[in-house]
Amino acid sequence: MVKRTRFDEESCPVARSVDAVGDWWSLLIVRDAFDGSRRFGEFQRSLGIAKNILSARLKGLVEQGILEPGDQHEYVLTAKGQALFPVIVALRQWGEAFSFGPGEPRSELLDRRDGQLLRPLEVHAADGRLVTAADTEVRKP
């Protein structure tokens, strides 16, 4: 068995985030939790994931403080888990732009209030102006 590389002591926030939720099953579990899944069987049916893998990923998400066990064997997003919403939306919007052909059917994330698609996420500087990767720099310790 291959030993998992850990990033939980890295000085890079991206590396630490990937350490917490970086495998695809964990992110898809979080996605399903936002979509209303709560019980082991709901996650298993939605994802088609093996029970042992699902059990391990749910345990890891609980250990990371992203999910917490609720009543009647349910899993509930914590505040830390809820804070992943923009990450899930960003991945969804990136996928919509680059992973589907024209007219190819796909799920849509809609605003409950008006039934409209969400505007694309943008990154803004502290003063409110739109920034791109070219406008930023990483300062390392």
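This one's a predicted model, so the numbers in the text were calculated from it and none came from an experiment.

A. Representation of the overall build of the chain within the structure. From N to C terminus, the chain includes 6 helices and 2 strands. When the helices and strands of the chain are read in sequence order from the N terminus, they spell out α-α-α-α-β-β-α-α. Seen through its principal axes, the chain has C-alpha atoms that stretch 45 × 45 × 30 Å. Relative to its full complement of 141 residues, the chain shows a buried share of 22%. Taking as baseline every contact in the chain between residues at least 6 positions apart, the subset at least 24 positions apart corresponds to 40%. Accessible surface for the chain amounts to roughly 10800 Å². Of this, 55% is attributable to carbon and sulfur atoms.

B. Layout of the nonpolar core. Of all hydrophobic cores here, the largest spans 19 residues; its most connected members are Ile-29, Ile-66 and Leu-67. Elements with a contribution of two residues or more to this core: helix H1 (13-21), helix H2 (24-34), helix H3 (40-47), helix H4 (51-63) and strand E2 (75-77). Considering every element that reaches this core, the biggest residue donor is H2, with 5 residues. Leave out the neighbours within four places in its chain, and Leu-67 touches Ile-29, Ala-33, Leu-58, Leu-61, Val-62, Tyr-75, Val-76, Leu-77 and Thr-78.

C. View of the confidence of the model for the chain. Per-residue confidence for the chain averages 92 on the pLDDT scale, and 96% of its residues sit at or above 70. Mean pLDDT across the elements of the chain bottoms out in H1 (81) and peaks in helix H5 (residues 79-82) (98).

D. Just the packing of aromatic side chains, in detail. Per the stated rule, a full pass over the model turns up 2 aromatic pairs. Their ring planes at 45° and their centres at 5.7 Å tell us that Trp-94 and Phe-98 sit as a pair that is tilted. One end of the pair, Trp-94, and the other, Phe-98, are both in helix H6 (residues 85-98), 4 residues apart, so they sit about a helical turn from each other. The exposed category is assigned to Trp-94, whose relative accessible area is 53%.

E. Quick peek at H4. The end-to-end C-alpha distance of H4 is 18 Å, a good match for the 18 Å that 13 residues give at a rise of 1.5 Å each. Those residues of H4 not exposed but buried are Leu-54, Leu-58 and Leu-61. Burial along H4 is one-sided: seen end-on, the buried residues are contained in an arc of 60°. Away from the buried face of H4 by more than 90 degrees, exposed residues Asn-52, Lys-59 and Glu-63 are located. Looking at the buried side of H4, the elements it contacts are H1, H2, H3, strand E1 (67-69) and E2. In the stretch just after H4, Gly-65 is the one whose phi turns positive, near 80°.

Thresholds, definitions, all that
Residues numbered from 1 in each chain as written. Predicted model: local features only at pLDDT ≥ 70, side-chain atom pairs only at ≥ 80, totals over all residues. Heavy atoms only, no water. Helix = DSSP H or I, 4+ residues; strand = E, 2+ residues; numbered from the N terminus. Buried < 20%, exposed > 50% of the residue type's maximum accessible area, 1.4 Å probe, protein only. Contact = heavy atoms within 4.5 Å. Areas by Shrake-Rupley, 256 points an atom, 1.4 Å probe, with all protein chains shown as cover. Core = buried A, V, L, I, M, F, W, Y, C linked by side-chain atoms within 4.5 Å. pLDDT = per-residue confidence, 0-100. Phe/Tyr/Trp six-rings, centres within 6.5 Å; stacked < 30°, edge-to-face > 60°. Expected span 1.5 Å × (residues − 1). Arc of directions from axis to C-beta.

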